[in-house]
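# Notes for the structure review
Residue-level listing of the chains:
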Amino acid sequence: MEAEGIWPNELTMATILKACSSLAALEQGKQIHTRSIKYGFKMENQIGSALSTLYAKCGSIKDGNAIFRTMTTRDLVSWNAMISGFAQNGRTVEAFDLFDEMISQGITPDKVTFVNVLSASGHIGLVERGKSYFNMMSDRFGIVPRVEHYACLVDVLSRAGRLNEAKKFIESVKVEHGMSLWRILLSACRNYRDYELGAYAGEKLMELGSQESSAYVMLSRIYNALGKLNDVERVMGLMKLRGVGKEPGCSWIELKNLVHVFVVGDQKHPLIDEIRAKLWSLTRLMVLEDAEDNPVF
């Protein structure tokens, strides 16, 4: 585009920044930020919002907040992006404060805003605050809760260990939610070792025909912990009958403009020996630190 002498406009730069944000490509995003300044674009709605979203998603909250504060006009997308950034990076109090600031400035929150503050409530186990936000949606702003809001509140209750309350809440939900709410509860039951309730949630997923391998694996492990080996065989047989496959875990990281991909069981990485050595070293350090923190007498 530039090679043909066509200059970008604000929409062009904002679009590229959104692409960088989706890929968590921080370095490339910084380059586009620099070029935006070079072209003389102001850090207002389109570019400013895209930049604050990019930095927030990539964990550079300080930079994202700095851009947000320099914007003379902020639309709802900008507020949501910054609240989400605080929530996702463990700065929940600042997410709540920014939500209050937004309300005080006369900006009406939308469904995305409430997903953000509900998620933040769950991260630090603030059940009553989460319930307050959930009720505020409809009572104060007339927003009808959607599946994602119900899921957030189930997550809030589950993370706090209030599993039976989460179960009752799920069964009271009137909207069609498929399997998402039971999936959250099943995972929480595994973490809290509430195997009876976990089996109940898992069987709900089986009835609904879940195609996620994790549900079958978690349920089979729960039955194994309960000593119900026949149920273990039944669940794994059902998984095979339905053709549900377990996808290998995958992660990636970008270093010096090169993306390194890691897949469970992969032996083809050119630095596999160095990676194994480092993992062994880190594992040994964790074992030693655990021994120091939890001495056996």
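Everything in this summary refers to the structure shown in the same document. None of these values were measured; they are calculated from a predicted model.

### Topic: the nonpolar core
Membership of the largest hydrophobic core comes to 57 residues, with the highest contact counts inside it found for Phe99, Phe114, Tyr133, Phe169 and Leu185. Looking at this core, the element that brings in the most residues is helix H9 (residues 147-159), giving seven residues. Here tyrosine 133 is in contact with Phe96, Phe99, Phe114, Val117, Leu118 and Ser121, once residues within four sequence places are set aside. The next biggest cluster of nonpolar side chains, apart from the first, holds 15 residues, and it includes Ala14, Ile32, Leu54 and Ile67.

### Thoughts on the packing of H9 against helix H10 (residues 163-172)
Geometrically, a packed helix pair is captured by the angle between its two axes and the distance between the axes. Their axes nearest at 8 Å, the elements H9 and H10 cross at an angle of 160°. Put simply, H9 runs roughly antiparallel to H10. The chirality of how H9 crosses H10 is right-handed. On the side of H9, the interface is formed by Tyr150, Leu153, Val154, Leu157 and Ser158, while H10 contributes Leu163, Glu165, Ala166, Phe169 and Ile170. Class assignment for the residues of the contact of H9 with H10 results in eight nonpolar, one polar and one charged.

### Examining the side chain of lysine 167
The topology assignment puts lysine 167 in helix H10. A relative accessible area of 19% means that lysine 167 is categorised as buried. Ignoring sequence-local partners within four residues, the contact set of lysine 167 consists of Leu185, Leu197 and Tyr200.

### Quick notes on the environment of serine 84
Within the secondary structure layout, serine 84 lies in helix H5 (residues 76-88). Between the alpha carbons of serine 84 and aspartate 266 there is a distance of 34 Å; along the sequence they are 182 residues apart.

### A short note on the pattern of salt bridges
Scanning the entire structure with this criterion turns up eleven salt bridges. Across the salt bridge formed by lysine 131 and glutamate 165, the nearest N and O atoms sit 2.6 Å from each other. Of the two residues, lysine 131 sits in helix H8 (residues 127-141) while glutamate 165 sits in helix H10, which places them 34 residues apart along the sequence. Since its relative accessible area comes to 24%, lysine 131 is described here as partly exposed. You can call glutamate 165 partly exposed: its relative accessible area is 28%. Put simply, aspartate 155 and arginine 159 hold a salt bridge, and the shortest N to O gap is 2.8 Å. You can see aspartate 155 and its partner arginine 159 sitting in helix H9, four residues apart, about one turn around the helix.

Procedures and definitions
Residues numbered from 1 in each chain as written. Predicted model: local features only at pLDDT ≥ 70, side-chain atom pairs only at ≥ 80, totals over all residues. Heavy atoms only, no water. Core = buried A, V, L, I, M, F, W, Y, C linked by side-chain atoms within 4.5 Å. Buried < 20%, exposed > 50% of the residue type's maximum accessible area, 1.4 Å probe, protein only. Helix = DSSP H or I, 4+ residues; strand = E, 2+ residues; numbered from the N terminus. Contact = heavy atoms within 4.5 Å. Axes fitted to C-alpha atoms, helices over the stretch in contact; angles between N-to-C directions. Parallel < 35°, antiparallel > 145°, perpendicular 65-115°, else oblique. Left-handed = near helix turned anticlockwise from the far one by under 90°. Nonpolar A, V, L, I, M, F, W, Y, C, P; charged D, E, K, R; others polar. Salt bridge = Lys/Arg side-chain N within 4 Å of Asp/Glu carboxyl O.

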